[in-house]
Amino acid sequence: MDNLSFEESLEQLEEIVNKLEKGDVPLDDAIDEFNNAMQLVKICNEKLNNAEESIAKIVEENGDLIDFNTNE
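One structure accompanies this document, and this report is about it. Because the structure is predicted, anything quoted here is derived from the model rather than measured.

1. Side note on the overall build of the protein
Alright, step 1. In terms of helices and strands, the protein carries two helices and zero strands.
Alright, step 2. Scored against the burial criterion, the 72 residues of the protein give a buried share of 15%.
Alright, step 3. Counting contacts in the protein only where the partners sit at least 6 residues apart, residues at least 24 apart contribute 55% of the total.
Alright, step 4. For the protein, the computed accessible surface area is about 5,900 Å², with 49% contributed by carbon and sulfur atoms.

Here it is, written out as structure tokens:
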């Protein structure tokens, strides 16, 4: 699961959400799907943070540091 791209992770996350929203998933399977979803969220968050850091470094190397504050 860690080798997935951001887009692949997001796509799998959307599939899980759609399954769970239907409400016809047995409880044990729903718990497993929820745990998978949480892992995918973590992967997506890490990839976004890495991208943000990379962009900040590129901007800093060009001389104009911009604060990429995503906590708005």
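2. Some details on helix α1 (residues 6-22)
Alright, step 1. With 17 residues, α1 extends 25 Å between its outermost C-alpha atoms, agreeing within 8% with the 24 Å of an ideal straight helix rising 1.5 Å per residue.
Alright, step 2. Where α1 terminates, the next one or two residues include Gly 23, which has phi positive at roughly 80 degrees.

3. Describing the side chain of Glu 33
Alright, step 1. Topologically, Glu 33 is positioned in helix α2 (residues 27-61).
Alright, step 2. Accessibility expressed as a relative area gives 16% for Glu 33, which makes it buried.
Alright, step 3. Among the polar contacts made by the side chain of Glu 33, one reaches the side chain of Lys 19 at a distance of 3.1 Å.
Alright, step 4. In this structure, Glu 33 is in contact with Ile 16, Lys 19 and Leu 20, ignoring residues within four places of it in sequence.

4. Re the nonpolar core
Alright, step 1. Counting five residues, the largest nonpolar core is built from Leu 4, Leu 13, Ile 16, Ala 37 and Leu 40.
Alright, step 2. Other than its neighbours up to four places away in sequence, Leu 13 contacts Ala 37, Leu 40 and Val 41.

5. Section: the pattern of salt bridges
Alright, step 1. Applying the stated criterion across every chain yields a total of one salt bridge.
Alright, step 2. A salt bridge links Glu 33 to Lys 19; the shortest N-O distance between them is 3.1 Å. Within this pair, whereas Glu 33 is found in helix α2, its partner Lys 19 is found in helix α1, the two being separated by 14 residues in sequence.

6. A few points about a nonpolar patch on the surface
Alright, step 1. A surface patch of nonpolar side chains, amounting to about 330 Å² of accessible area, comprises Leu 20, Phe 34, Met 38 and Val 41.
Alright, step 2. The element that contributes the greatest number of residues to the nonpolar patch is α2, accounting for three residues.
Alright, step 3. Structurally, Phe 34 can be placed in helix α2.

7. Looking at the side chain of Ser 9
Alright, step 1. Its place among the elements puts Ser 9 in helix α1.
Alright, step 2. Here Ser 9 falls in the buried class, since its relative accessible area comes to 0%.
Alright, step 3. In this structure Ser 9 touches Leu 4, Leu 40, Ile 43 and Cys 44, once residues within four positions along its chain are discounted.

Criteria and thresholds
Residues numbered from 1 in each chain as written. Predicted model: local features only at pLDDT ≥ 70, side-chain atom pairs only at ≥ 80, totals over all residues. Heavy atoms only, no water. Helix = DSSP H or I, 4+ residues; strand = E, 2+ residues; numbered from the N terminus. Buried < 20%, exposed > 50% of the residue type's maximum accessible area, 1.4 Å probe, protein only. Contact = heavy atoms within 4.5 Å. Areas by Shrake-Rupley, 256 points an atom, 1.4 Å probe, with all protein chains shown as cover. Expected span 1.5 Å × (residues − 1). Polar contact = N/O pair within 3.5 Å; in protein donor to acceptor, adjacent residues only side chain to side chain. Core = buried A, V, L, I, M, F, W, Y, C linked by side-chain atoms within 4.5 Å. Salt bridge = Lys/Arg side-chain N within 4 Å of Asp/Glu carboxyl O. Patch = residues over 30% accessible without salt bridge, like charges linked within 9 Å, V, L, I, M, F, W, Y side chains within 5 Å.

Remember that the coordinates give geometry; whether it matters functionally is a separate question.
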